[in-house]
Structure formats: structure tokens, C-alpha cells
Amino acid sequence: EGAPAAADVAMAPAEGAAEATGEAAAPATSDLPKAPEPPKAPEKPKELEEDADSDSRPKVKQQATFLPPDTTLNVLPSVHGNVLMALADGGMQYFLAGARASVGMKAGRYMFEVKIVEILNPAEIARGHQVRTWTPRQLLRIGFATSASSLFLGDTEDSVCFDSEGQFTHAKKATSVAQKFAREQVLAVVLNLDPSSPNADTVSLFRDGQRMCEPQKLPESMKGKALFPAVTFRNLTVHVNLGPQPMAAMPFACRMVQDAAQADAEVAAHPVPKDGKFDVMLPVGYPDEGTFEWLDMFLAKNPQYVELSDRKILEWAHTSGIWKSKQHWKSSLDKPDYNFNIGGMDDFSIRRVLNAISAVVPRNYVVMEVRANLMPEERKKTLGRFGGPRFKRTARVVMGEPSQEFKDAQMERLLQEKQQKEDAMFRGRLAEKARKKIVQERQKQFEEQRKKIEEQKKAKMEVDDDEKKEDAVKKEGGAEEEAKLEAKDEAKEEAKEEAKEEAKEEGQDPTKEGVKEEAKADAKEEAKEMEVEETEPPKATLTDEEKSLWFRPKTTFDVKESALNQAFASFSLPGKDEGFDSIKFEWEQEAGSTEYLRKKVVEKKRSTKLESIQPGQWFQDKLAAWKKTFSEWQEKLTAFKATAKEQEVGEGDGKADIFTVEDVANVGNNVPLFKEFQMEDWALLQLRYELFLLAAAWKKDVADEDRPGVPEGHLAFYYGRYFKKQLSIKAFGVDTGEEFLKLVKDTASWEDGILALKFSDEERDAGHFVKLAEEARRDRSRRLDAGDETARLKIQPTALAPPAAA
């Protein structure tokens, strides 16, 4: 037979050796159980993006770059190439920077790249012993946005982005989709607007040529619009590559923004002014009369302007994650409180930095300072920052009766606010009804449970009683008594059954009657509630009074009351002699606006306290002389009464003319005219002279024709400032200012809310006021003698408090 195979020969000795030793041969390998295979790594999904086809269409001619109007003020672009750096001085390290490219995509598939080339770690500015650190200190967002979107990616409906934390964000809603970014990594964002692609209307993120996440769908609000590459960053220097060649090879051929076909692209239009001068505009309007509302409408129509104001700084801070309670920062719109507990913010370094930047970066600016723009000296300072040939300086006066467009916008806003309140109240009512319903259901359940427990207790007690009776019968009466009890029980059961049968015949079930009545009551209550149930909030409407308003009421004023009171006297309209190239009047023309402002200033003067006023020398001399004379008269009366030599002089038969007396301290025989004075007469005498002195001195010290006298609402303030004591009209037994002056109606009265004297002689002799007081005393005495109790005074001794020493 043939020779054995080599394998058989090789195995023969081993088989023989096994037989010789008596050991069993090892089992064949094929007979052993197979070890489980390790789980295979999931296969990566197939890349659906394909190589771009050749495109012979004309390319975009314009350079894709970042223009100043499409960057925030803290972006520092490089001279060559799209390298962007965020300013990190004077508190700017806390603020986000944003930039949007000049070329956007409206069709096709295109990409751009970003690489972090530098990470900045600016020092934290401590305030006191605390340092606030914002996380993340370094941040990068890359994505696409429309031309009208905010420069801060992901904050609005018209932008999407991937950020360095691995999130995809749209309209402030973030979803984790990828790993975090790192320095020197080349990050590419691919925008696919090709309707024939399986990834149509998506954006994708790649790192060093490798996909980081699945394609993310574009929101409906961004479809059909040109989308521009954009970046938002903080404390970083980034290189943005818009093309035409990529820095990192992609798994598929994809054109970059700079290599886009002209038909697929849209170039941002930022026309340079014809004369080469950018506009610096100062709105001039009266506080709380449509200033910021008008500006918002202006900026909506003119987005090329950048607003420079404290309210925008704080909005920027909030967008950057520097949060604080609104009740603090909205103390006023013009100059809100900062109080971030950050040195670079709270010491206004950020404001100084922005003022310095805006002066050298040519753009169209709106300098919104309500108070400062009404003051000539402040206007000159502002215009001085924007000197040179690159800027033209204009003012827009927003004064007087607004345009119909503005009024309509105010009414619409007011109606929206009222509707919001109605909606909130409606939700509150629904919540209260739901709460009451839950409480009622719980009470009902509790009541049912309570009734059930009571019935169980009652049944148990009846059983216990029956058992006790049976036991007693067995012990005492024997079989005869037991039979009687059984007969009784049977009679009770029969009676119950008969009652049930009768109830059924009449259509009633006594066991369910109570439940039915309860159910009926509940059904009635529910039906009643259904009748008044509100399905939607009531529609808000405006009253006739609200419809007549020019400006809607505000909860936050434009200017703080203290700041307004210090400055309003110097308010004026701008003039070309201040350095303006042009002045435009938006509502009233120049004459009407000038007269309107004059009236507002006069009105404010008459309603505002002069906090800085101090008594002049004329007042001080007159007051010193009055104190001396008043004291001498009181001493004279005390001495006169002590001598008990009263003479019937002056009053006589009641017909003597008081005003012919030459010396009130001696009308004859050394008898004073004030011999009958009591405490209340002295108090009213002092009040007469003090009101005369206050009214005369105030006019001298103020010396302003627009302020005719002491306003009624400020009488107590000025009285305290001049006489160094508190005025309490209640000490004179009256409750109102009108009743107060009726006590001395021969000296002063209210005329259009202003303290007016009954005579104009500022040098009126003090004795004249004694004559007035004596005449009033005699008249009051006659009325009391006639039974007129309304003439009785209720003056307290505290009303006679002397003025404090100067």
C-alpha cells in the first residue's frame, strides 16, 4: 500500500508512546469548546458626505474677511490674515468677543476652519478681599449666523454653533454632542445646503479632519437665508481660515468659503460714507419721555449704528455670563448701578476702555447719555472725543409731541404689558382653582373614610351589646328569655326588610339615598364651577386715559431723581456753536422743541427742592432782630401783668383802630397792645412773621424768575432749612396746608400751590404783625362770645418753639 502521509508519520510515535505508558491520548483540538470572541467595536457610521464635484462657475471676487461693523469693539484683528484676538484689559477679560465673516452661503456645501493659537490668562481684578472668577474663563464658539443676527453665537434664533465645551447651541438651548476643544486643533465647520445631499440643511463639526459628531439639523428659522461663518470667543487668540485651501485634510473634498461660487454666496454690504466720515449721533430728549424707546426704533431701522451706553455695557456683561439681579442694575437706564464685585467693572474701567476704542475705530456710533446729552458742557466733552476728519457729529432732538408711529408703538407696548399681567393673573386663578379642587377631593375622601370608620365602630358596638345581652339572658332567664330575644331580633330583621321593600316600590333605596344626595350636591357645585370656568385669559384693553398718553408709564426711570434734580436747571438744546455738523429735530421743530424744554424745566423747578440752598445774610439779620424783639415783648407783658396796672387803652369800646397805634409795646400809659395775648396768640404771631421772613428771604436767595416762591409741598423742608426746627402743622390743631394758612390768612395764602404774601413790602415792621394778631384775637373773642365754637383754637404749646440758634 502507499506510504503514509507526513502528518500521520509525525503523529505515530506520539500515539505509540501513549499506549506504552498506559495513558489515554489527549482529546483532539476540534473536540474542545471554543472560547467566546471579544465584542467587536461598533463600526463607525459611513460618511455620507461625498467629494465635491468640479465647479466651473465664477468664484467670489471679494476677500472673505472680518469687517469692523461685523465685530464687537473688543476684537483686535491682525494686519494680515484672519487672526482675531480678544481684548483683555480694563475688565474686558470678562466679556465675550464676536465676529462674523463678510461672505455668507445661501446654497451648496462649504466649510471654514478655526484654530486656537493662544490662550490668555489675564489677572483677576480684585475688589476688596474677594475675586470673582467666571467659568469657563476661555471659551470658543464656532458656527453660522444670518447677517442680522447677534454677534454672540447661539443666543438668538438666527444662529447655531459648536462650543469648546462640546455643546451644540441654538437660541440658548445647548446639547452635548462632542468632546471639548483644545489648543492647536484644527476645527472645521461644514455647512451643507445641498438639497440633493442626505445631510441637507445641516452643520457638522470636524477636528483635524475627523468627524466629531453627527450632522446637526438647521432650525427652520435659518433655512432659506444666507448664513455667514462666525466665531464668539473669550481670552483666546484664534486663527480663522476662510480659504481657499484647508489647513487639515478632510475625509472628503469640500470647498471653503473663499472658494465658493458667486451664485452660492452673499457678500455683506457695508457701504463707506460718501464723504468718508462716519456719524457720531447724540439723541437729545427729556428723561422718561421716549428716549430709549425712540432709540430702539431708530436702531431697528439703522443697524449700522453701534450704541455706546451703560445699558448696553450691562447687556453685554449679561450675555457674557456676568449675571446680577435686575433690581440692582436697573436703578436707572441712563446710569445703572454696576455692583458686580469686579474691580474692572465697578470702577468703570470698562467704560473708559470702550470710550478709548470707539474714538479710534471708525464706525457709526450713537452716544446715548440722557442726562449728559441735555447739558452743553457734557456735549462738548463727548464731541471732543470724536475729533478729526473721520467723524461727523450730529444731534437728533426728540422733544415735544411724538410722531404717530411712535405713539402707536407705545400703545402696542402698553397693551402687551397689560396682556402679560392678565395672562399672569389668569394662570394664578387656574392654579388656585386646581389647588382648591385638590383640597376638596382630599376633604371628601377624608369624610368618606371617617363615615366608614364610624359605621364600623357602630356595627361593632351593636354586636358587642347583643352578645352581652345574650350572655346575661343565658345566665339569668334560661331558655325562655333566650327565645324572646331571638323573636325580637327576627322582628327587627323583618321590619328592615319590609322597609326596604316599600322603598323599592316607591323607587327609593334608603341605603343609597344619602350617597345620592351627596352626589347631587357635588354635581351642582361642579356644574356651577364649569359655568364660570375660564378657558383663556381675558383680552386686555386700553382705557381712554391710556390711549391719550404720549409715553407709557415706566417702572425704571431714565435718570435717577437725585441726578436729575442736580442737573435739570442747566438743560438746553444743542447748537452748532458746540461743534455739531448738523442738528435734526425728529418731532417738534426747533421753536416748538425749545419752548417745550423751557416749560419742562420751569415745571421741574417748581416741583423740585433746592437741596443746596442756605439762608442768606438778609435773613440772618432779620431773624436775629426778630428774636430780640419777640423776647422783649414777652418780658414787657410779664412786667405789665406783675404791676397789676392794666389800663383800658386801645381796645376801649371795641371801635379803636388798631392800625393807628405807633408803638405796640405802649399804646398809652405804658400798656402794650398785646396785653391780652395768650400762648396761642404768641404762637400765631411768631408764625406770621416766620412765614413772611421765609417767603421774602427765599426769593432773595434763589433769585430765579422761574421759581416764584416756596411750593406747598416743600414748605416743611425750607422752613426746617431756614429756621433749624421742624414744622408740625398738627401742633396748630389742623391737618392740611390749606387749613394751616387759614390761621394766618391776613399774612399769607396759597396761590397756585405757591406761598404768597398779602403784602409786598419786604421791610415790613415787626409791629405790624402784632396788630394783625391782635385784630384776629378780638374777632375770635367776639365769635366765641356769640357762641361760635368753631373759632376756638386747638394750638399746642409745642407750636411756640423758638427758632434754633444759627
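The structure displayed is predicted, hence computed values, not measured ones.

What counts, and where the lines are drawn
Here the residue index of a chain counts from 1 through its sequence in written order. In keeping with the model being predicted, local features are shown solely for residues with a pLDDT of at least 70 and side-chain atom pairs are shown and tallied solely at 80 or more, while totals for entire chains, interfaces and linings include all residues. Side-chain descriptors were evaluated using all non-hydrogen atoms of the structure, hydrogens and water having been removed beforehand. Working definition: a ring pair exists when centres of Phe, Tyr or Trp rings (six-membered ring for Trp) sit within 6.5 Å. Plane angles under 30 degrees give stacked, over 60 give edge-to-face, the rest tilted. Working rule: Lys NZ or Arg CZ, within 6 Å of ring centre, within 35 degrees of ring normal, means a charge sits over the ring. Here the axes come from fitting lines to C-alpha atoms, over the contacting stretch only for helices, and the angles between their N-to-C directions go from 0 to 180 degrees. Numbering of helices and strands starts at the N terminus; helices are DSSP runs of H or I of at least 4 residues and strands are runs of E of at least 2. Each angle receives one of four descriptions, namely roughly parallel if under 35 degrees, roughly antiparallel if over 145, roughly perpendicular if within 65 to 115, and oblique otherwise. Here, residues are in contact when the closest pair of their heavy atoms is within 4.5 Å. Charged means Asp, Glu, Lys or Arg here, nonpolar means Ala, Val, Leu, Ile, Met, Phe, Trp, Tyr, Cys or Pro, and polar covers whatever is left, Gly included. The pairing criterion for strands is at least two bridges between them, as found by DSSP. Salt bridges are counted wherever a side-chain nitrogen of Lys or Arg sits within 4 Å of a carboxyl oxygen of Asp or Glu. Accessibility here uses a 1.4 Å probe with only protein chains present; expressed as a share of the type maximum, an area under 20% marks a residue as buried, one over 50% as exposed, and anything in between as partly exposed. Nonpolar core, defined: a set of buried Ala, Val, Leu, Ile, Met, Phe, Trp, Tyr and Cys residues in which side-chain atoms within 4.5 Å join the residues together.

Undergrad: Is there a simple way to explain the packing of aromatic side chains in this structure?
TA: Here the distance between the centres and the angle between the planes together describe a pair of aromatic rings. A complete count under the given rule lists 35 aromatic pairs for this structure. Within the aromatic cluster, the residues linked to one another by ring pairs are Trp626, Phe630, Trp633, Phe674, Phe677, Trp682, Tyr689, Phe692, Phe759 and Phe769. The side chain of Lys700 reaches across the aromatic face of Trp618, ending 5.2 Å from its centre. Here the guanidinium or amino end of Arg764 rests over the ring plane of Phe759, the centre of that ring lying 4.5 Å away.

Undergrad: What exactly am I supposed to notice about the packing of helix α3 (residues 310-319) against helix α6 (residues 349-360) here?
TA: Packed helices, taken two at a time, are described by the angle between their axes plus the distance between the axes. Between α3 and α6, whose axes approach to 11 Å, the crossing angle comes to 110°. Judged by the angle between their axes, α3 and α6 are roughly perpendicular. Of α6, the residues touching α3 (which contributes Asp310, Ile313 and Trp316) are Ile350, Arg351 and Leu354. Class assignment for the residues of the contact of α3 with α6 results in 4 nonpolar, no polar and 2 charged.

Undergrad: Could you clarify how one ought to interpret the sheet that holds strand β3 (residues 97-100) in this entry?
TA: Whenever strands of a sheet pair, they do so through backbone hydrogen bonds, lying parallel or antiparallel. Reading across from one edge, β3-β14-β6-β7-β8-β9 is the order of the 6 strands in this open sheet, with antiparallel pairing throughout. Sheet topology places β3 and β9 (173-176) at the edges, where each strand pairs with a single neighbour. The mean angle between the axes of side-by-side strands here comes to 20°, regardless of whether they run parallel or antiparallel. Alignment of strand β7 (residues 159-163) against strand β8 (residues 167-170), held across 3 bridges, turns out to be antiparallel. Bridging across to β8, Cys161 finds its partner in Thr169.

Undergrad: Just to check I follow, could you spell out the pattern of salt bridges for this structure?
TA: Note that side chains of opposite charge can pair when their charged atoms are close. Counted under the stated rule, the structure contains 48 salt bridges. A salt bridge links Glu447 to Arg450; its shortest N-O distance comes to 2.2 Å. On the criterion of helical spacing, the pair formed by Glu447 and Arg450 is a turn pair, its members being 3 residues apart in helix α8 (residues 404-476). Between Lys675 and Glu676 there is a salt bridge, and its shortest N-O distance comes to 3.0 Å. Overall, Lys675 belongs to the buried group, its relative accessible area being 9%. Residue Glu676 is classed as partly exposed on the basis of its relative accessible area, which comes to 33%. Where salt bridges share partners, they join Glu293, Arg413, Glu417, Arg552, Lys554 and Asp558 into one cluster.

Undergrad: Is there a simple way to explain the nonpolar core in this structure?
TA: For soluble globular proteins, nonpolar side chains are generally found buried alongside one another. Counting residues in each nonpolar core, the largest one holds 57 residues, and the members touching the most others are Trp633, Trp682, Leu685, Leu715 and Phe732. Of all the secondary-structure elements, those providing two or more residues to this core are α14 (617-643), α15 (679-702), α16 (715-723), α17 (737-742), β22 (748-751) and α18 (766-785). In terms of residue count, α15 provides more of this core than any other element does, 15 residues in total. With residues up to four places along the chain from it excluded, the contact list for Trp682 reads Phe630, Trp633, Gln634, Leu637, Phe674, Phe677 and Leu800. Ile142, Met212, Val231 and Ala260 belong to the second largest nonpolar core, which has 43 residues in total.

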